[in-house]
Amino acid sequence: MEQADNNKTATIDHATKDPSVSIRHGLTEEIKRLRRFSNRGLWALSLFLFVSTLAWRDFWFLPPAEKFVASLGAPPTPLMINLVLILYTFSAIILSLSRMMAGLRHSSSFCHVGYVLVFYLFYYFAEALPDNYWAVFGAGFTILCMESYRIWTYCNDNIIKKTEQLAYLDRTGRLPVEEPDFSE
Amino acid sequence: MFDKIAGRALVPVGIVVTGFLVVCFVLLYSAIKNVVIHDSVGHANNLAGIVLKSTRYAMMKSDGELNSAIIKNISEQEGVQHVRIFNKKGVVAFSSKPEEVNHQVDKKAEGCVVCHEKAAPITSLKNMQKARTFTNSMGTNVMAITAPIYNEPECANAACHVHPASQKILGTLDIGLSQEGTLASLASIRIQMIIFSVLTLILTIAGVITLLKMIVLVPMQKLQEYTERSERNNTLSHPTGLPYELDKIAKSYYFIRIKLAEIEQKLCKENK
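Definitions and cut-offs
- Residues numbered from 1 in each chain as written.
- Chains lettered and ligands numbered in written order.
- Predicted model: local features only at pLDDT ≥ 70, side-chain atom pairs only at ≥ 80, totals over all residues.
- Helix = DSSP H or I, 4+ residues; strand = E, 2+ residues; numbered from the N terminus.
- Contact = placed C-beta atoms within 7 Å.
- Buried ≥ 20, exposed ≤ 12 C-beta atoms within 10 Å, placed from the backbone.
- Core = buried A, V, L, I, M, F, W, Y, C linked by C-beta atoms within 7 Å.
- Axes fitted to C-alpha atoms, helices over the stretch in contact; angles between N-to-C directions.
- Parallel < 35°, antiparallel > 145°, perpendicular 65-115°, else oblique.
- Nonpolar A, V, L, I, M, F, W, Y, C, P; charged D, E, K, R; others polar.
- Pairing = 2+ DSSP bridges.
- pLDDT = per-residue confidence, 0-100.

**Student:** Help me out: how do you make sense of the overall build of chain A in this one?
**Tutor:** When its secondary structure is counted, chain A shows seven helices and zero strands. Overall, chain A shows an N-to-C arrangement of helices and strands of α-α-α-α-α-α-α. Sequence-distant contacts, at least 24 apart, represent 85% of the contacts inside chain A between residues at least 6 apart.

Laid out in structure tokens, this is it:
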């Protein structure tokens, strides 16, 4: 225990003496964090598939739609839900493409699972889920695939960048000079 | 695949176009299906109304033979699977299948339960509520309409048989129509839409691949070949045949190489 404390103290001392050690540590941590973050889209996709399985089995654990209608009032018509679903799919895809183009770090995957679940529930209340199940599934799958791809490419690009910085740090003992971003 | 420009560009395009097309296809097909089914239910309701009007006179006269003849003739029409008239107690009074006559039907049976679900039966139904679909013993998909036969002043006041004026429903007509035609039309629409969607998808992806290759990939490959050739050979040629901004990049590269060669020559001379 004492030896471990001594080692820790020695590392901290070494880090304060040599700034490249703390930079290296920061870069390594960042790479680890990016690797973890790159799986976020796949986790969201798995959760979406789970929600879709519940919808496929017609939400057997929920009370019948009539009970909800009796207490909450009539749901929107399936045509209205269809229009909103198209609008949502279109907006979500455009938003995802814009984020991809701008190279933004934005983790919005899990909220899309929530939106898709709401669509499933609205169709369930309107008793139109069997007819429109594949539309919601297609919309959710497309949006989440796009989000997964966006997050994965963002993380992959940044991991490559950080790895190159790490290699440069090992060679020269300092970080490379950041080039101005001409794309902005 | 994902390390190259083509892969990076085509994967999102493929996902977006395919996904959005599938969503629109399913929603459009669902809307068309609803319209077709509503339409066929409307036609079936009209037909049920025609049958009721045709049998009205025979019922007023309490002419069982004429009623049976009308029902038999209607049931011979192509697409009509069955015609039955039930009395108030749920007993089959007339049927296109003689063996069904005088048989009691359970009020909880499909087609009856819609009105008899609660203690006080419902006396008026909307068009869609009157319809039900099932597969009969011959394996045919059938859409059946259950139309109530309402008590009218002529019925209540008729001399031949007495229905009290307080009785709202005298019986029901149950007519079953084959859905094969409707389902065949829907299948045809579905196939046409799938073909249309697949063609649109192929054309979009092919268009993107062609434009990407023509505008980006081929010129990029030329630029790459030019830089690699310049690195191998000492004699540097002027870049030609590169379009758009790539020409400027190649020219910049050419002038940098020229400058570098000059500096190298100068250094060599100085060393000598």
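**Student:** I tried to follow the overall build of chain B on my own but got confused; where do I start?
**Tutor:** Helices and strands together make up the secondary structure of chain B, namely seven helices and five strands. Going residue by residue from the N terminus, the α and β elements of chain B occur as α-α-β-β-α-α-β-β-α-β-α-α. By the burial criterion, 16% of the 272 residues in chain B qualify as buried. Here the analysis covers contacts within chain B between residues at least 6 apart in sequence; of these, 55% occur between residues at least 24 apart.

**Student:** Explain the nonpolar core to me, please; I cannot follow it from the model alone.
**Tutor:** Generally speaking, soluble globular proteins have nonpolar side chains that are buried together. By size, the foremost hydrophobic cluster in this structure holds 34 residues, and its most contacted members are A:Phe119, A:Tyr120, A:Tyr123 and A:Val136. Elements supplying a minimum of two residues to this core: α3 (40-56), α5 (78-102), α6 (109-125) and α7 (129-172) of chain A together with α1 (5-60) of chain B. Of all the elements, α7(A) adds the most residues to this core, at 10 residues. Counting 17 residues, the second-largest nonpolar core is a separate cluster that includes B:Phe86, B:Ala131, B:Met143 and B:Ala144.

**Student:** I tried to follow the packing of α5(A) against α1(B) on my own but got confused; where do I start?
**Tutor:** Each packed pair of helices is defined by two parameters, the angle between the axes and the distance between the axes. Interaxial distance between α5(A) and α1(B) falls to 11 Å at its minimum, and their mutual angle equals 175 degrees. The pairing of α5(A) with α1(B) is recorded here as roughly antiparallel in orientation. On the side of α5(A), the interface is formed by A:Leu79, A:Asn82, A:Leu85, A:Ile86, A:Thr89, A:Ile93, A:Leu97 and A:Met100, while α1(B) contributes B:Pro12, B:Val16, B:Phe20, B:Val23, B:Cys24, B:Leu27 and B:Ala31. Its residues placed into classes, the contact of α5(A) with α1(B) shows 13 nonpolar, two polar and no charged.

**Student:** Explain the environment of B:Ile169 to me, please; I cannot follow it from the model alone.
**Tutor:** Take B:Ile169: it is sitting in strand β5 (residues 169-178). It is 4.7 Å that separates the C-alpha atoms of B:Ile169 and B:Tyr150, two residues lying 19 residues apart in sequence.

**Student:** Could you clarify how one ought to interpret the interface of chain B and chain A in this entry?
**Tutor:** Quite often, the size of an interface is put as the accessible area lost when its parts meet. Taken together, the contact between chain B and chain A spans 14 residues of the former and 19 residues of the latter. Of the residues in the side of chain B that touches chain A, the class split is 11 nonpolar, two polar and one charged.

**Student:** How do you make sense of unusual backbone geometry when you look at a structure like this?
**Tutor:** Leave glycine aside and you will find that most residues have negative phi; peptide bonds, for their part, are mostly trans. The phi dihedral of A:Asp58 is positive, around 60 degrees, even though this residue is not glycine. Judged by local crowding, A:Asp58 falls into the partly exposed class, with 14 C-beta atoms found within 10 Å. Its identity is not glycine, yet B:Asn102 carries a phi of approximately 75 degrees, on the positive side. Note that B:Asn102 resides in the loop between β2 (92-95) and α3 (113-116). Under the C-beta neighbour-count criterion, B:Asn102 is labelled exposed, with 10 such atoms within 10 Å.

**Student:** Looking at this structure, I do not really get the environment of B:Val92. What am I missing?
**Tutor:** Residues and elements named next belong to chain B. The residue Val 92 is located in strand β2 in this model. Val 92 sits in the partly exposed class, given 19 other C-beta atoms within 10 Å. C-alpha of Val 92 to C-alpha of Asn 102: the two residues are 10 residues apart in sequence and 5.1 Å apart in space. Apart from the residues within four sequence positions on either side, Val 92 is in contact with Arg 84, Phe 86, Glu 100, Val 101, Asn 102, His 103 and Val 105.

**Student:** What should I look at first to understand the sheet that holds strand β4 (residues 141-150) of chain B in this one?
**Tutor:** Sheet strands pair via backbone hydrogen bonds, and the direction of the pair is either parallel or antiparallel. Residues and elements named next belong to chain B. Spatial strand order, β2-β1-β5-β4-β3: five strands in an open sheet with antiparallel pairing. Two strands bound the open sheet, and with one partner strand each, they are β2 and β3 (131-135). Between one strand and the next, the sheet's axes are offset by a mean angle of 25 degrees, whatever the strand orientation. Pairing analysis gives three bridges linking strand β1 (residues 80-87) to β2, with the strands arranged antiparallel. By the bridge assignment for β2, Ile 85 is matched with Phe 94. Relative to β1, helix α2 (residues 64-75) is tilted by about 155 degrees, and along the sheet it contacts β1 and β2.

**Student:** Help me out: how do you make sense of the confidence of the model for chain B in this one?
**Tutor:** Segments scoring low in pLDDT should not have their predicted coordinates read at a detailed level. In the predicted model, chain B carries a mean pLDDT of 82, and the fraction of residues at 70 or more is 85%. As a predicted assembly, this complex carries a pTM of 0.73 together with an ipTM value of 0.72.

**Student:** Explain the packing of α6(A) against α7(A) here, please?
**Tutor:** All names here are of chain A. It is at 10 Å that the axes of α6 and α7 come closest, and there the two elements cross at 175 degrees. Looking at the two axes, α6 sits roughly antiparallel to α7. The segment α6 lies against α7, with Ser 109, His 112, Val 116, Phe 119, Tyr 120, Tyr 123 and Tyr 124 engaging Leu 129, Asn 132, Val 136, Ala 139, Gly 140, Ile 143, Leu 144, Glu 147 and Ile 151. For the contact of α6 with α7, a count of residues per class yields 11 nonpolar, four polar and one charged.

**Student:** Is there a simple way to think about the pairing of β1(B) in this case?
**Tutor:** In the case of a regular strand, side chains alternate between the two sheet surfaces. Residue and element names in this part refer to chain B. Of the strand pairs in this sheet, β1 and β5 are connected by seven bridges, and their pairing is antiparallel. Within β5, the residue paired with Asn 87 across the bridge is Gly 171. Linkage of β1 to β2, two consecutive antiparallel strands, is achieved through a turn of four residues, within which Gly 90 is found at a positive phi near 85 degrees.

**Student:** What's the story with the environment of B:Val16 in this structure? I'm lost.
**Tutor:** Mapping B:Val16 onto the fold places it in helix α1. The buried category is assigned to B:Val16, around which 20 C-beta atoms lie within 10 Å. Sequence-distant contacts of B:Val16, that is, excluding residues within four places in its chain, are made with A:Ile93, A:Thr142 and A:Met146.

**Student:** Can you walk me through the pairing of β4(B) in this structure?
**Tutor:** Residues and elements named next belong to chain B. Pairing of β3 with β4 involves five bridges; the strand directions are antiparallel. Note that in β4 the partner of Phe 134 across the bridge is Val 142. Here β3 folds back onto β4 in antiparallel fashion, the turn holding five residues, of which Gly 139 has a positive phi close to 80 degrees. Judged from the nine bridges that link them, β4 and β5 form a sheet pairing that is antiparallel. Bridge pairing in β5 places Ile 145 opposite Ile 175.

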